[in-house]
Amino acid sequence: MPEKRRKHYRLRPRFFVITGTALLLLITGILLLVRSCGQENTAPVPEEPPQENSESSSEEEGDSRYLVETLFTGDSRTRGMATYGFVPQRQVLAIDGLNHLDARQKPLFSSREGSECTLAEAVGERAPKRVMISFGINGMNFIEEEEYFSEYEGLVDDIIRQSPESCYILQAIYPVSAEFSEENPAMSNETIDRYNERLKKLADEKSLFFLNTAEALKDEKGALPEEYDAGDGLHLSREAYKVIIRYVREHPAPAEEEKSQ
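Every residue gets a number counted from 1 within its own chain, in the order that chain's sequence is written. Residues qualify for local features only when their pLDDT is at least 70, as the model is predicted, and side-chain atom pairs are given and counted only at 80 or more; totals for whole chains, interfaces and linings, by contrast, use all residues. Derived side-chain values reflect all non-hydrogen atoms in the structure, with water molecules and hydrogen atoms excluded from consideration.

Explain the pairing of strand β1 (residues 70-74) to me, and be specific about the residues and the numbers.
Three labels apply to residues, based on accessible area from a 1.4 Å probe with only protein chains included: buried if under 20% of the type maximum, exposed if over 50%, partly exposed otherwise in between. Every helix listed is a DSSP run of H or I at least four residues long, and every strand listed is a run of E at least two residues long, numbered separately from the N terminus. For β1, the tally of buried residues reaches five of five residues, placing the bulk of the element in the interior. Taking every second residue as pointing to the same face, both faces of β1 are buried, with Thr70, Phe72 and Gly74 on one and Leu71 and Thr73 on the other. Strand pairing requires that DSSP identify at least two bridges connecting the strands. Relative to strand β5 (residues 130-134), β1 runs parallel, the two being bridged by five bridges. Opposite threonine 73, over in β5, you have isoleucine 133 as the bridge partner. Strand direction decides the pairing type here: β1 and strand β2 (residues 92-94), joined by three bridges, are parallel. The residue of β2 that forms the bridge with glycine 74 is alanine 94. Classification remark: right-handed applies to a crossover when, strands pointing away from the viewer, the course from the first strand over the helix to the second runs clockwise. Each parallel crossover has a hand, and for β1 linked through helix α3 (residues 76-83) to β2 it is right-handed.

Below is the structure:
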């Protein structure tokens with residue numbers, strides 16, 4: 001009888017690929033399982049945050065809320081607070097070059113309905129918890145001093161009538177650089193200091209809070225230092241606004257209930 005021929009089975013490459021892949025997946029799965037068990041056993045217990053950090057966070061929240069509840073009014077030096085991103089634009093009612101005389105008499109602002117209105121009317125429409133009034137530098141060189149303060153008082157009275165429940169802050173006029181002061185006697189730092197004294201007196205007479213931010217922006221000679229100067233001796237740099245925001249936070253207006261006592 002003829003000898004039967006044995007069949008030879010030839011393993012194809014595909015078999016090795018599939019088998020090898022399956023084996024690799026099995027080994028990887030085992031390693032991951034072992035690693036996972038080890039991590040579960042050694043995971044650190046999270047620590048409670050230190051009490052100091054909690055208090056600091058609470059204080060920062062209070063500071064932020066104070067700024068959010070404040071409406072800032074004024075000219076270009078007030079607008080800078082929004083321009084540099086320290087407060088939202090919606091919290092600022094300010095126009096470049098604006099003086100308090102025009103702010104009082106001219107409808108330069110827009111109501112929520114789109115109609116033109118004065119600054120006092122715009123404040124009254126918003127009825128904020130707190131209003132900071134920051135005019136002064138514009139108008140010093142062309143409004144006679146007595147008229148200047150008469151109109152400033154009139155603007156303050158107009159705004160209070162429109163929003164009687166708001167708390168009011170009268171802010172000092174910021175200093176200018178020594179060079180600007182020398183070249184513009186009507187807006188010199190000596191004149192600004194004198195005007196600030198009268199603004200403080202006005203605030204006292206109206207029972208308003210006077211914020212002397214100017215003192216934080218002066219060098220040893222009483223002028224705006226270079227690092228706070230935007231370049232023209234009058235406008236302020238980002239670093240200056242950091243100082244202003246910090247000063248505002250560190251010198252909050254008295255609480256409304258304390259003020260009424």
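Requested: an account of helix α9 (residues 238-250), with residues and values cited.
How far a helix is expected to stretch is found by multiplying one less than its residue total by 1.5 Å. Along its 13 residues, α9 runs 19 Å from first to last C-alpha, staying within 8% of the 18 Å computed at 1.5 Å per residue. Burial in α9 covers these residues: Ala240, Tyr241, Val243, Ile244, Ile245, Tyr247 and Val248.

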